[in-house]
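Here's the letter readout for the chains.
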Amino acid sequence: MRLRNIQGARDTIAESPLVIHEPEKAKGNWRELFGNSNPIRIEIGMGKGKFIHELAGRNPGINYVGIEKYSSVLLRALQKMDEEMRENLLFIRMEAEDIGEVFAPGEVDRIYLNFSDPWPKDRHAKRRLPSKEFLARYDRILKKDGILEFKTDNRELFEFALEELPEAGWKADFVTYDLHRDGEKMKSNIMTEYEEKFSLKGNPIYKYEIKR
């Protein structure tokens with residue numbers, strides 16, 4: 001994906017009350033930030049925010065945090081909030097590697113990874129969001145019976161993600177190599193911008209749901 005710098009994006013993000021600007025101070029205090037004791041679910045690498053914005057709209061009794069490192073993309077998610085506010089949705093602009101610095105052990109109820117960067121070169125495997133290195137980070141912040149959901153159209157990345165599970169101490173509850181042919185799962189499926197694009201091209205969508 002080629003990202004263009006959007007003039008004023010960083011200023012808009014810096015001024016937005018919907019973006020947590022010192023997220024390390026929120027660690028262990030997210031329920032206070034939301035003003036309730038509802039479960040907290042996060043999407044890492046949320047892109048333009050279509051998925052998490054719709055998810056928050058469907059589930060007002062759950063708190064959501066969208067995490068994105070690119071200002072130009074996060075800006076699009078904020079614009080969706082201008083069009084239709086979600087009281088149960090906040091954002092962080094940060095690198096995924098620092099996720100353990102902003103959520104306390106067991107503070108997160110569920111994690112979503114959608115169409116993550118495949119980092120195709122072998123030497124970059126540790127940067128892949130479903131890698132065992134990242135699974136160790138998620139293990140620290142996810143509650144004991146928490147679930148991680150991962151969707152992609154990249155077969156090689158999906159196979160890699162499945163191979164990482166045993167060594168990392170995770171197990172799959174659900175695996176599909178063609179999500180859109182699973183009628184039951186599609187009832188609750190929310191498509192991202194990429195998912196809409198790839199599925200229209202006829203690409204199968206791969207998904208797993210895992211836990212420890």
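Scroll up to find the structure.
Conventions and cut-offs
- Residues numbered from 1 in each chain as written.
- Predicted model: local features only at pLDDT ≥ 70, side-chain atom pairs only at ≥ 80, totals over all residues.
- Heavy atoms only, no water.
- Helix = DSSP H or I, 4+ residues; strand = E, 2+ residues; numbered from the N terminus.
- Pairing = 2+ DSSP bridges.
- Axes fitted to C-alpha atoms, helices over the stretch in contact; angles between N-to-C directions.
- Contact = heavy atoms within 4.5 Å.
- Buried < 20%, exposed > 50% of the residue type's maximum accessible area, 1.4 Å probe, protein only.
- Arc of directions from axis to C-beta.
- Salt bridge = Lys/Arg side-chain N within 4 Å of Asp/Glu carboxyl O.
- 1 Å grid on protein atoms, 1.4 Å probe; cavity = no way out; pocket = protein on both sides within 12 Å on 5 of 7 lines; lining within 4 Å.
- Points joined across faces, edges and corners; volume = space filled by probe spheres on them.
- Nonpolar A, V, L, I, M, F, W, Y, C, P; charged D, E, K, R; others polar.
- Phe/Tyr/Trp six-rings, centres within 6.5 Å; stacked < 30°, edge-to-face > 60°.
- Lys NZ or Arg CZ within 6 Å of the ring centre and 35° of its normal.
- Polar contact = N/O pair within 3.5 Å; in protein donor to acceptor, adjacent residues only side chain to side chain.

A. Spotlight on unusual backbone geometry. With a phi angle near 50°, Phe115 is a residue other than glycine that sits in the positive phi range. Note on placement: Phe115 falls in the loop between β4 (108-114) and α5 (132-141).

B. Just the sheet that holds strand β6 (residues 171-176), in detail. Across the sheet, 7 strands lie side by side as β3-β2-β1-β4-β5-β7-β6; this open sheet has mixed pairing. Where the open sheet ends on each side, the last strands, each with one partner, are β3 (89-93) and β6. Across the sheet, the axes of successive neighbouring strands diverge by a mean angle of 15°, strand direction being ignored. As defined by bridge partners, strand β1 (residues 40-44) adjoins β4 across 4 bridges and the pair is classed as parallel.

C. Representation of the environment of Leu165. If you trace the backbone, Leu165 turns up in helix α6 (residues 155-168). Along the backbone, Leu165 and Glu43 are 122 residues apart, and their C-alpha atoms lie at a distance of 20 Å. If near-sequence neighbours (up to four positions away) are discounted, Leu165 is found in contact with Leu135, Trp170, Ala172, Tyr208 and Ile210.

D. The arrangement of α5 in detail. For α5, the set of buried residues is Phe134, Leu135, Tyr138 and Ile141. Down the axis of α5, the smallest arc covering the buried residues is 120°, so these residues share one side. Contact partners of the buried residues in α5: β1, β4, β5 (142-152), α6 and β7 (206-211).

E. Geometry of the pattern of salt bridges. Scanning all chains against the criterion turns up 22 salt bridges. Across the pair Glu149 and Lys207 runs a salt bridge whose closest N-O atoms are separated by 3.1 Å. With Glu149 in strand β5 and Lys207 in strand β7, this pair connects stretches of sequence that are 58 residues apart. Comparing Glu149 with Lys207, the two get one shared label, buried. Of the charged contacts, one joins Glu159 and Arg155 as a salt bridge, the two residues approaching to 2.9 Å between their closest N and O atoms. Of the two residues, Glu159 and Arg155 both sit in helix α6, 4 residues apart, roughly one turn of that helix.

F. Spotlight on the layout of surface pockets. Taken as a whole, the second largest pocket encloses approximately 310 Å³ of empty space. In terms of lining residues, the second largest pocket is bounded by 17 residues, among which Leu55, Tyr112, Glu149, Ser188 and Lys207 are the most central. Those elements that place two or more of their residues in the lining of the second largest pocket are α3 (50-58), β4, β5 and β7. Residue classes in the lining of the second largest pocket are distributed as 5 nonpolar, 4 polar and 8 charged.

G. Structural detail: the packing of aromatic side chains. Applying the stated rule across the entire model yields 12 aromatic pairs. Each ring, one from Phe158 and one from Tyr208, has its centre 6.0 Å from the other, and the planes form 40°; the classification is tilted. Of this pair, Phe158 sits in helix α6 while Tyr208 sits in strand β7, and the two are 50 residues apart along the sequence. Residue class for Tyr208 comes out buried when judged on its relative accessible area of 0%. Here the guanidinium or amino end of Arg137 rests over the ring plane of Phe134, the centre of that ring lying 4.4 Å away. The ring of Phe174 has Lys185 sitting right over it, with the charged end atom 4.5 Å from the ring centre.

H. Here's a closer look at the side chain of Ser71. Positionally, Ser71 belongs in helix α4 (residues 71-83). According to the relative accessible area criterion, Ser71 is buried, its value standing at 9%. Within the structure, the side chain of Ser71 is placed 3.4 Å from the side chain of Arg93, a separation counted as a polar contact.

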